[in-house]
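Survey of secondary and tertiary structure
Here's the letter readout for the chains.
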Amino acid sequence: MKFSVKAWSKGGGRAGLLQVGGCSLETPALLLTTRKGLPTFISPDLLSSLPTPDSRLLQFSPLHFLEGISSKTISEMGGLHQMLGLRDHVFAANPADSITSIPDYQSSNKIGASFETPSGRFLVKPGQYVEMISSMKPNMWVTLADEVPAWVSEKRNRASVDRTVRWLDDCLTLTIANNTGGAILGSIVGGSKIDDRKRCAQEVSKRNVSGFHIGGFGLGESMEERSALLSAVTEILPEDKPRQICGLALPEEVLQGVAAGIDLFNSTYIYHLTLGGFALTFPLEEIERHGFSDRLSDNVRDDGTKINLKATIYRKDTSPILESCKCYTCQNHTKAYINHLFNVHEMLAQILLEIHNTHHYLGFFRKIRDAINQGTFEEFRQNFVETRRDHNAGATTAVVATLSA
Amino acid sequence: MALRFEILGRFNRARAARLTLPHFVSQTPLFMPVGTQGTIKGLTTSQLEDIGCQIILGNTYHLALRPTSELIDELGGLHKFMNWPRALLTDSGGFQMVSLLHLADITEQGVTFQSPVDGKPMLLTPEESIQIQNRIGADIIMALDDVVKTTITGPRIEEAMYRTLRWIDRCIAAHKRPHEQNLFGIVQGGLDPVLRDICVKGLVDRDLPGYAIGGLAGGEDKDSFWRVVAQCTAALPEEKPRYVMGVGYPLDIVVCSALGADMYDCVYPTRTARFGTALVPQGVLKLKHHAMANDTGPVDPTCECMVCKNYSRAYIHCLVTKDAMGSQLLSYHNLFYMMKLSRDLHSSIINGQFPKFVCNFLQKMFPKGDVPQWVCNAMEVAGIDITSCCSPFS
Ligand SMILES: [Zn+2]
Ligand SMILES: [Zn+2]
């Protein structure tokens, strides 16, 4: 894996080039969240309809495979790329995915990290984890971390940093012993304590890692305190290595992360939107104040950036989700049809919506990169945030409510 | 009449034809997947085209409830609504009511049932069924028939058959779009050859664009099943398509095609996929089974579909019944299998290789030569020599 920063923008954003697995990817970039290596509803033939190489970055949790298939079998097949028939894609492993592999800090202990999964709770030790990585052969992987929410005691927070750094050393040692490939992203934790965040970032930067993964966000810290926490971390990290984050999902949060110098994000937001029947509709061409069409009179939690296709107002709407959208869904189907599919609980509703939302969010990231390259990221961010705020003062809270519903 | 049916090749009773419908030129024999609510579960219309689907079935009863036939009509018909450029067929809605609703009752007027929306008594008449189907706009629409279980015997069967004949005239009279939609009549009469014969004659007199053989695939024994099919196909006109309703097991399709049937529909391939079962030349493969967990081979090594080219049994095993993707991928494979079977039937009949195809098919499914007796009986009537794939003691 190779990484270099190509441009900095006023407002803090940086644009880079990540070369990994035969792909050249521009950052800031979105890693598509998957379930067992494939996006939840997008089969590989439909995946190829999404923009490339933007859609080549796939994130998965090795814990998805704790049940049903053995590491040995995956290894025999040659790893995840072969098993999934996606040889041109880039796989990034992260033990936590906030959907089907959720860190359970109360059950984690000094020997390993605990996760809630659909197959039950698992305690994963560094040795076991590196073994899984060795058999799955991802292009890059995040080391095991002890992630804790913002409200834990100082003592617990310190323990989480100590364990995470120790497990990083374990992972590095085991990697040499097992001859595990893939670029290593060292985990940085520290909750909402600036000192612990700094200490962790300093320790991890000393190690021989290819990049960094900043964990433990989106776990109860406020949006205000987050900026300081993020900057405290990124200021310590060397500039020439990529930084990935977990837990920042909403567009505003992504922009906050970009401003702090983060390069890689994940798409759990898309997953939650899709399940809720929401389609992203914020304009990608011109994000200006008052640039949104004026159709806010309905009470379907339309905040000007997304619409709920389950709403009855779309029953007879024969227009696509977005006229200008080039995705498979918008090129082929109407809102009326998707509304019907939701009404009768047909799986195609989620398939079509995940395609559109993924396409749209990838477009959002492209816009972010363009803004950074043009040196206008700060204005871009401000316009975006203000327009959303203008449209619905409760937009963010509504989204958060939707996400946690 | 809004179709053309040209027979391109024959082998004894079997035929391969080109069926030209308003929206698509299809090749028979053909299997039609069931897309109950305006979608085949888990697949996009472009995937269905990739798979080679030619005609998709919609269920009138479901579509009339949601989104309603009025809305479909207002938005330009079902083809446009679901963005399916190829052919569509809708059923009459009667069978769905009788099988899904407890309180459905059939009188001379029509099918009375309790509305699933507000519980009020409702009535589906032959006129109304046709009116709804005219609004949905499928290439082929089905007459409302008096459906009885094949396992029932006695005077009810006779009543249902005669009522079906009386209703066909009401359907024909109510049909407003005969130049865009083809009304198929349905042969009823249970397992009674005399009643079936009266029904066939009655329907043939009406000179419909095509005919369906109804009231089968409902639990009757296999020998009765194929005999009814054989009797009806022999009596139905040569130059019209023949559709055996509710048939979807690959073996049944091969047998019925040998006996001169052309079209089939069933939820089986997609439903069984959702339960983790793949259709393969050997029969079925249960992906849920523990033995699949470490099987690195494809679902069907002889299949050329997107799923078999990319995925192992082990990977599908860890998806099935847990993740939506499991049923998406297996539905894809199963429909691909059914379409390949349809294409192989068509081309083997045209190339004069039909008996060889049937023997190969049976050999794979019954490698020990234990071909069921009913299949041997049916093949004898169809004039297909299958002795090479039957063990001498079977
Ligand atoms: Zn779109
Ligand atoms: Zn296949």
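Bear in mind that the values here come from a model prediction, so they are computed numbers and not experimental data.

Tallying secondary structure elements over chain B gives 16 helices and 16 strands in all. Computed over its C-alpha atoms, the radius of gyration of chain B comes to 21 Å, within 12% of the 21 Å expected for a compact globule of 394 residues. In terms of principal-axis extent, the alpha carbons of chain B reach across some 55 × 45 × 35 Å. Evaluated residue by residue, chain B yields a buried proportion of 61% over its 394 residues. Approximately 14800 Å² of chain B is accessible, and the part contributed by carbon and sulfur atoms is 54%. Averaging the coordinates of the 37 positive side-chain charges in chain B and doing the same for the 39 negative ones gives two points 4 Å apart.

Residue and element names in this part refer to chain B. The protein atoms that coordinate the zinc ion (ligand 2) are Cys-303 (SG), Cys-305 (SG), Cys-308 (SG) and His-333 (ND1), at distances of 2.1 to 2.3 Å. In this structure, the zinc ion (ligand 2) is coordinated by 4 donor atoms arranged in tetrahedral fashion, with angles at the metal of 98 to 118°. Taken in chain order, the donor set of the zinc ion (ligand 2) reads C-x1-C-x2-C-x24-H.

Now for the sheet that holds strand β1 (residues 4–11) of chain B. All names here are of chain B. The strand order across the open sheet formed by 3 strands is β1-β2-β3, and the pairing between neighbours is antiparallel. For this open sheet the edge positions go to β1 and β3 (25–28), each flanked by a neighbour on one side alone. When the angles between neighbouring strand axes are averaged without regard to direction, this sheet yields 15°.

The gaps left among the atoms become clear once a water-sized probe is rolled over them. Residues and elements named next belong to chain A. One pass over the structure, following the stated rule, counts 3 cavities of 30 Å³ or more. If you add up the space inside the largest cavity, you get close to 60 Å³. Looking at the largest cavity, the residues that line it are Thr-33, Thr-34, Arg-35, Thr-40, His-64, Asp-97, Ile-99, Thr-100, Ser-267, Ile-270, Tyr-271 and Glu-354. Counted as a void, the second largest cavity has a volume near 50 Å³. Together, Asn-94, Pro-95, Ala-96, Pro-103, Phe-115, Val-142, Thr-143, Ala-145, Glu-147, Ser-187 and His-213 line the second largest cavity. Here the residues of the lining of the second largest cavity sort into 6 nonpolar, 4 polar and 1 charged.

Contacts between the two partners involve 41 residues from chain A, matched on the other side by 39 residues from chain B. The interface formed by chain A and chain B includes 4 salt bridges. Put simply, A:Lys36 and B:Asp323 hold a salt bridge, and the shortest N to O gap is 2.6 Å. Here chain A is connected to chain B by 17 residue pairs in polar contact (both at pLDDT 80 or more). Breaking the side of chain A that touches chain B down by element, the ones donating at least two residues are α1 (44–47), α2 (71–77), α3 (80–83), α10 (328–332), α11 (335–343) and α12 (348–373) of chain A. Top element by residues in the side of chain A that touches chain B is α11(A). It accounts for 5 residues.

Next up on the list: the sheet that holds strand β11 (residues 182–187) of chain B. All names here are of chain B. What the 8 strands build is an open sheet, ordered β4-β14-β13-β12-β11-β10-β6-β5; its pairing is parallel. At either margin of the open sheet sits one strand with a lone partner, and together these are β4 (30–33) and β5 (55–58). Strand-to-strand twist of the sheet, defined as the mean angle between neighbouring strand axes without regard to direction, takes the value 25°. Across 3 bridges, the pairing between strand β12 (residues 210–213) and strand β13 (residues 242–244) is parallel. Bridging from a neighbouring strand, Tyr-211 pairs with Arg-242 of β13.

Attention now moves to the coordination of the zinc ion (ligand 1). At this site the zinc ion (ligand 1) is bound by A:Cys325 (SG), A:Cys327 (SG), A:Cys330 (SG) and A:His356 (ND1), with donor distances of 2.1 to 2.3 Å. One can describe the site at the zinc ion (ligand 1) as tetrahedral: its 4 donor atoms subtend angles covering 101 to 116° at the metal.

Helix-helix packing: each pair is described by the crossing angle between the helix axes and the interaxial distance. Residue and element names in this part refer to chain A. Where helix α9 (residues 268–276) contacts α12, the two axes come as close as 9 Å, and the packing angle between them is 145°. For the crossing formed where α9 meets α12, the hand is right-handed. Contacts between α9 and α12 involve Tyr-269, Ile-270, Leu-273, Thr-274 and Leu-275 from the first element and Gln-350, Leu-353, Glu-354, Asn-357, Thr-358 and Tyr-361 from the second. Here the contact of α9 with α12 is composed, by residue class, of 6 nonpolar, 4 polar and 1 charged.

Ranked by size, the top nonpolar core spans 228 residues in total, and within it A:Phe65, A:Tyr361, A:Phe364, B:Leu362 and B:Ile386 carry the most contacts. A total of 13 residues in this core trace back to one element, the largest contributor, which is α12(A). Core analysis: the second largest hydrophobic core is formed by 20 residues, B:Leu19, B:Met32, B:Ile55 and B:Phe184 among them.

Bringing the layout of surface pockets into the picture now. Residue and element names in this part refer to chain B. Taken as a whole, the largest pocket spans an internal volume of roughly 1200 Å³. For the largest pocket, the lining is made up of 49 residues, of which Phe-95, Gln-96, Ser-99, Ala-217 and Gly-246 are closest to its centre. Elements that contribute at least two residues to the lining of the largest pocket include exactly α5 (94–100), α9 (222–235), β14 (263–266) and α11 (268–274). Ranked by residues supplied to the lining of the largest pocket, first place goes to α5 with 5 residues. Considering only residue class, the lining of the largest pocket consists of 20 nonpolar, 19 polar and 10 charged.

Thresholds applied
Residues numbered from 1 in each chain as written. Chains lettered and ligands numbered in written order. Predicted model: local features only at pLDDT ≥ 70, side-chain atom pairs only at ≥ 80, totals over all residues. Heavy atoms only, no water. Helix = DSSP H or I, 4+ residues; strand = E, 2+ residues; numbered from the N terminus. Rg over C-alpha atoms; globule rule 2.2 N^0.38 Å. Buried < 20%, exposed > 50% of the residue type's maximum accessible area, 1.4 Å probe, protein only. Areas by Shrake-Rupley, 256 points an atom, 1.4 Å probe, with all protein chains shown as cover. Lys, Arg positive; Asp, Glu negative; His and termini not counted. Charge placed at Lys NZ, Arg CZ, Asp CG, Glu CD. Donors = N, O, S within 2.8 Å, 3.2 Å for Na, K, Ca; no water. Tetrahedral: all angles 85-135°; square planar, octahedral: opposite > 155°, others 65-115°. Pairing = 2+ DSSP bridges. Axes fitted to C-alpha atoms, helices over the stretch in contact; angles between N-to-C directions. 1 Å grid on protein atoms, 1.4 Å probe; cavity = no way out; pocket = protein on both sides within 12 Å on 5 of 7 lines; lining within 4 Å. Points joined across faces, edges and corners; volume = space filled by probe spheres on them. Nonpolar A, V, L, I, M, F, W, Y, C, P; charged D, E, K, R; others polar. Contact = heavy atoms within 4.5 Å. Salt bridge = Lys/Arg side-chain N within 4 Å of Asp/Glu carboxyl O. Polar contact = N/O pair within 3.5 Å; in protein donor to acceptor, adjacent residues only side chain to side chain. Left-handed = near helix turned anticlockwise from the far one by under 90°. Core = buried A, V, L, I, M, F, W, Y, C linked by side-chain atoms within 4.5 Å.

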